[in-house]
Amino acid sequence: MSAPMPRPGRLPHSPVVLRDGRWWLVGRAGSIPASDPAFTAVLDDFAQAMAAADRAVADLRIRQSESSTSDPGDLGGRR
């Protein structure tokens, strides 16, 4: 089974953009498609890792927010 495609858009802090399922290298003079399969596989893996990290941080923030809004008298099972 193949891994899901990363979301379209620019990788943070990089000159790389995913458009229509294809990676592009973007510079001041224009853009060119990335065609090396090994390079694009690394870009796919990196984009998927970044998305997973973003989801993990969002989950942590939700849990942190939920714990700060819980009843202050609740010790969460601790005594």
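Only a predicted model underlies this, so the values are computations on that prediction, with no experimental measurement involved.

**A look at the sheet that holds strand β3 (residues 22–27)**
And step 1. Pairing in this open sheet of four strands is antiparallel, and the strands run β1-β2-β3-β4 from one edge to the other. The open sheet has two free edges, formed respectively by β1 (9–10) and β4 (30–33), since each of these has just one partner strand.
And step 2. Looking at chain direction, strand β2 (residues 16–19) and β3 are connected through four bridges and run antiparallel. Pairing of Leu18 across the sheet is with Trp23, part of β3.
And step 3. Those strands touched by helix α1 (residues 37–68) are β2 and β3, and its axis lies near 95° from that of β3.

**Section: the pairing of β3**
And step 1. A loop of two residues connects β2 with β3, the two strands running antiparallel in sequence, and Asp20 in this loop sits at a positive phi of about 50°.
And step 2. In this structure, β3 lies alongside β4, joined through four bridges in antiparallel fashion. Its bridge partner lying in β4, Val26 is registered against Ser31.
And step 3. The antiparallel pairing of β3 with β4 creates a hairpin that spans two residues between the two strands.

**A closer look at unusual backbone geometry**
And step 1. With phi around 50°, Asp20 is a residue other than glycine that occupies positive phi space.
And step 2. Looking at the element boundaries, Asp20 is found in the loop between β2 and β3.

**Observations concerning the environment of Ser35**
And step 1. Tracing the backbone through its elements, the reader meets Ser35 in the loop between β4 and α1.
And step 2. Among the residues examined, Ser35 registers a relative accessible area of 59% and is labelled exposed.
And step 3. Ser35 sits eleven residues away from Trp24 along the chain, and the two C-alpha atoms are 8.7 Å apart.

**Brief notes about α1**
And step 1. Taking 1.5 Å as the rise per residue, α1 with 32 residues should run 46 Å; its terminal C-alpha atoms sit 46 Å apart, in good agreement.
And step 2. Three or more residues of α1 are buried, namely Thr40, Leu43, Asp44 and Ala47.
And step 3. Structurally, α1 contributes buried residues whose contacts are with β2 and β3.
And step 4. For α1, the capping residue at the N-terminal end is Asp36, with a side-chain oxygen 3.0 Å from the backbone nitrogen of Ala38.

**Description of the packing of aromatic side chains**
And step 1. This model, assessed by the stated rule, comprises zero aromatic pairs.
And step 2. Positioned above the aromatic ring of Trp24 is the side chain of Arg19, whose terminal nitrogen or guanidinium carbon lies 5.4 Å from the ring centre.
And step 3. Across from the ring centre of Trp24, 6.0 Å away, lies the NZ or CZ of Arg22, which sits over that ring.

Rules behind the numbers
Residues numbered from 1 in each chain as written. Predicted model: local features only at pLDDT ≥ 70, side-chain atom pairs only at ≥ 80, totals over all residues. Heavy atoms only, no water. Pairing = 2+ DSSP bridges. Helix = DSSP H or I, 4+ residues; strand = E, 2+ residues; numbered from the N terminus. Contact = heavy atoms within 4.5 Å. Axes fitted to C-alpha atoms, helices over the stretch in contact; angles between N-to-C directions. Buried < 20%, exposed > 50% of the residue type's maximum accessible area, 1.4 Å probe, protein only. Expected span 1.5 Å × (residues − 1). Polar contact = N/O pair within 3.5 Å; in protein donor to acceptor, adjacent residues only side chain to side chain. Phe/Tyr/Trp six-rings, centres within 6.5 Å; stacked < 30°, edge-to-face > 60°. Lys NZ or Arg CZ within 6 Å of the ring centre and 35° of its normal.

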